[in-house]
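Chain by chain, the residues run as shown.
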Amino acid sequence: MRSAVLTAPGGPLEIVEREEPRPGPGEILVRVTACGMCFSEVNHLRGHYPFGTFPVVPGHEISGVVAALGEGVDWPEVGTAVGAAWLHGSCGHCDQCARGDQILCTGAPKQVTGVNRDGGYTEYFVGRAGFVTPLPDGLDPVAGAPLMCAGLTAFNGLRQAGAAAGSKVAVLGTGGVGTMAQRFAAAMGARVAVVSRSRRAEKEALGLGADLFVATDEQDPAEALRAWGGADLVVNTAPDTATGLAAFGGLRPDGTLLYLGMGAENVSVPPMALVAGRLRVMGVPSGSPHDLRDTLAFAVAHGIVPEVTPVTLDEAPGVLAAMDEGAHRGRAVITFV
C-alpha cells in the first residue's frame, strides 16, 4: 500500500510503499476512504508534541470501511463505514477511562493517532476496538472526515464550556475548528460573534448567522465584545495564545475563556479581573469515543459538514508544506476513492 510518512522533525512528508498491515488482537483494519489534513500535523512536524514519535504516518481525521477484525473483536462488522480520531487508545482501567473520559486517561502514555501511532495518510489504517466509531447514515465520508477532529474539538469544547441556547459565544479564528465552532454554536441556539484579523471571512460568517463580526486589525476585540454586551464564552481556535488573551476583557461575569487552539506561550490573565468577574479559563483536548458519536449525530441532525477540498496522496506533501508556511486556505482532505 502507499503511505505518506513524516520521517523527522522539520523533514518533508515522504510517499512510500509499505506492506498492507494485519490487525492484531483487539484491533480493527480500516480501508481508508478519506483523511483530513489538520494543523496538528504541522505542530508535530515542528516538534511541538513531547509525546510524538518519528517516523510516523500522520493524520487523525479518518473515515473508511472496516476491512478486517483482529482476534477478540466482533464489532463493527466488516463493511461498516467508520471514523477514527485523535485518541488512538487508552489504558481502560484508570478512573477517567472507567467514567468514559478516555481522552483524560492517566493510566498510560498518550496514544495519539498520527502522532505516536500510524494515522490515516495511507490506504489502510489499524485502529483499536472501542476507538473506531461507526458513521451515522447520511454522512458523506469525504466531507465528514474533518468532523473527527475539527468538528469533535469544536462540539465537545462548546458543550464542556456550557454553551447553550441564548448564550453569547465569541469565536476567535475562522479556520477549520473556528468555522465548526461557529456553526455548532448557532445550531445550539447561541448568539455568535466571530473575531478574525481581517474582514476576509466576514461575508461567510454573517451568512452562517453571526450577530457580529470583529476585524482585529481595525478594532480591539475586547472593546468590541463589551459593546456587544459581553460574551459568556470566548472560544480561541487560533494557533496562538495571545489571540485569546486579547479578547479576555470582553467576557461577561461568569464567563469562560476556552482554548481549543493555542501556542507555546503561557496563559496569563489579570487575577483581579478573574476573581471580580468569577471568570474561568479552560481547555478541552478533542474528545472521547462517546463525544465523537455525539458530534457526528449532531452534525447529521443539523446538516453541518465542513467545506473541503479533496486532494490526492501525491498532492499531500505540497499541501502540508503550504500549511506550514501559512499559505494554504481551506480544509484539505486526502481521498482514496
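Residues numbered from 1 in each chain as written. Predicted model: local features only at pLDDT ≥ 70, side-chain atom pairs only at ≥ 80, totals over all residues. Heavy atoms only, no water.

Under the annotation held in an unreviewed UniProt entry, the protein chain carries the name alcohol dehydrogenase and is attributed to Actinomadura citrea. The Cofactor (unreviewed entry) field of the UniProt record for the protein chain holds the comment "Zn(2+)". (UniProt positions renumbered as here; feature names shortened; annotations may be inferred.)

Draft legend 1. View of the pattern of salt bridges. Counted according to the given criterion, the structure contains twelve salt bridges. A salt bridge links R18 to D118; the nearest nitrogen and oxygen atoms lie 3.0 Å apart. Taken together, the residues R18 in the loop between β2 (13-17) and β3 (27-36) and D118 in the loop between β7 (111-112) and β8 (124-128) connect sequence positions 100 residues apart. On the accessibility criterion, D118 (35% relative accessible area) is partly exposed. Here D232 ties to R252 by a salt bridge, and the two come within 3.5 Å at their closest N and O atoms. (Salt bridge = Lys/Arg side-chain N within 4 Å of Asp/Glu carboxyl O. Helix = DSSP H or I, 4+ residues; strand = E, 2+ residues; numbered from the N terminus. Buried < 20%, exposed > 50% of the residue type's maximum accessible area, 1.4 Å probe, protein only.)

Draft legend 2. Summary view of the packing of aromatic side chains. Within the structure shown, the criterion is met by six aromatic pairs. Ring plane angle 70° and centroid distance 5.5 Å describe the contact between F155 and F184, whose orientation is recorded as edge-to-face. On the criterion of sequence distance, the pair formed by F155 in helix α3 (residues 150-160) and F184 in helix α4 (residues 176-187) is long-range, its members being 29 residues apart. Its relative accessible area of 6% is what places F155 among the buried residues. Among the residues examined, F184 registers a relative accessible area of 0% and is labelled buried. (Phe/Tyr/Trp six-rings, centres within 6.5 Å; stacked < 30°, edge-to-face > 60°.)

Draft legend 3. Spotlight on the packing of α3 against helix α9 (residues 289-301). One can describe the packing of α3 onto α9 by two numbers: an axis separation of 9 Å at closest approach and a directional angle of 100°. In terms of axis orientation, α3 runs roughly perpendicular to α9. Contact residues: G151, L152, F155, N156 and R159 in α3; H290, D291, L292, D294, T295 and F298 in α9. In terms of residue class, the contact of α3 with α9 is built from four nonpolar, four polar and three charged. (Axes fitted to C-alpha atoms, helices over the stretch in contact; angles between N-to-C directions. Parallel < 35°, antiparallel > 145°, perpendicular 65-115°, else oblique. Contact = heavy atoms within 4.5 Å. Nonpolar A, V, L, I, M, F, W, Y, C, P; charged D, E, K, R; others polar.)

Draft legend 4. Structural view of unusual backbone geometry. F54 connects to P55 through a cis peptide bond whose omega is -5°. Examined against the element boundaries, P55 turns out to sit in the loop between α1 (39-45) and β4 (61-69). For the bond running from W75 to P76, omega is -5°, close enough to zero to count as cis. Mapped onto the fold, P76 is located in the loop between β4 and β5 (81-84). Non-glycine residue D254 carries a positive phi angle of around 70°. Topologically, D254 is positioned in strand β14 (residues 251-259). Despite not being glycine, R278 shows a phi value in the positive range, around 50°. Looking at where R278 falls in the secondary structure, it is placed in the loop between α8 (271-276) and β15 (280-283).

Draft legend 5. Focus on the nonpolar core. Within the largest apolar cluster, 38 residues are counted, with the highest numbers of intra-cluster contacts made by L158, V169, F184 and L233. Those elements that provide at least two residues to this core are α3, β10 (168-172), α4, β11 (191-196), β12 (212-215), β13 (231-236) and α9. Shared between two domains, this core takes at least three residues from each, and those domains are domain 1 (2-149 + 286-335) and domain 2 (152-283). When sequence neighbours within four positions are dropped, the list of residues in contact with F184 reads L147, G151, A154, F155, L158, T295, F298, A299 and I304. In this structure, V82, V132, V311 and V319 belong to the second largest nonpolar core, which totals 29 residues. (Core = buried A, V, L, I, M, F, W, Y, C linked by side-chain atoms within 4.5 Å. Domains from an automatic or database assignment.)

Draft legend 6. A look at the UniProt feature "domain: Enoyl reductase (ER)" (unreviewed entry) in the protein chain. The positions that UniProt labels "domain: Enoyl reductase (ER)" (unreviewed entry) are, in the present scheme, residues 10-334. Along residues 10-334, the helical share is 25% and the strand share 26%, with 21 Å between the first and last C-alpha atoms.

Draft legend 7. Broad picture of the sheet that holds β15. Read across the open sheet, the six strands follow the order β12-β11-β10-β13-β14-β15; overall the sheet is parallel. On the outer flanks of this sheet lie β12 and β15, each paired with one strand and no other. Strand-to-strand twist in this sheet, taken as the mean axis angle between neighbours without regard to direction, amounts to 20°. Bridge analysis of β10 against β11 gives five bridges, and the strand direction is parallel. Within β11, the position partnered with K168 by the bridge is R191. (Pairing = 2+ DSSP bridges.)

Draft legend 8. Highlighting empty space enclosed by the protein. Scanning all chains against the criterion turns up two cavities of 30 Å³ or more. By volume, the largest cavity amounts to about 70 Å³. Lining the largest cavity are A85, L87, F131, T133, L152, G287, S288, P289 and L292. Its residues assigned to classes, the lining of the largest cavity shows six nonpolar, three polar and no charged. Contributing elements (two or more residues each) for the lining of the second largest cavity: α4 and α5 (202-207). For the lining of the second largest cavity, the per-class residue count stands at three nonpolar, three polar and one charged. (1 Å grid on protein atoms, 1.4 Å probe; cavity = no way out; pocket = protein on both sides within 12 Å on 5 of 7 lines; lining within 4 Å. Points joined across faces, edges and corners; volume = space filled by probe spheres on them.)

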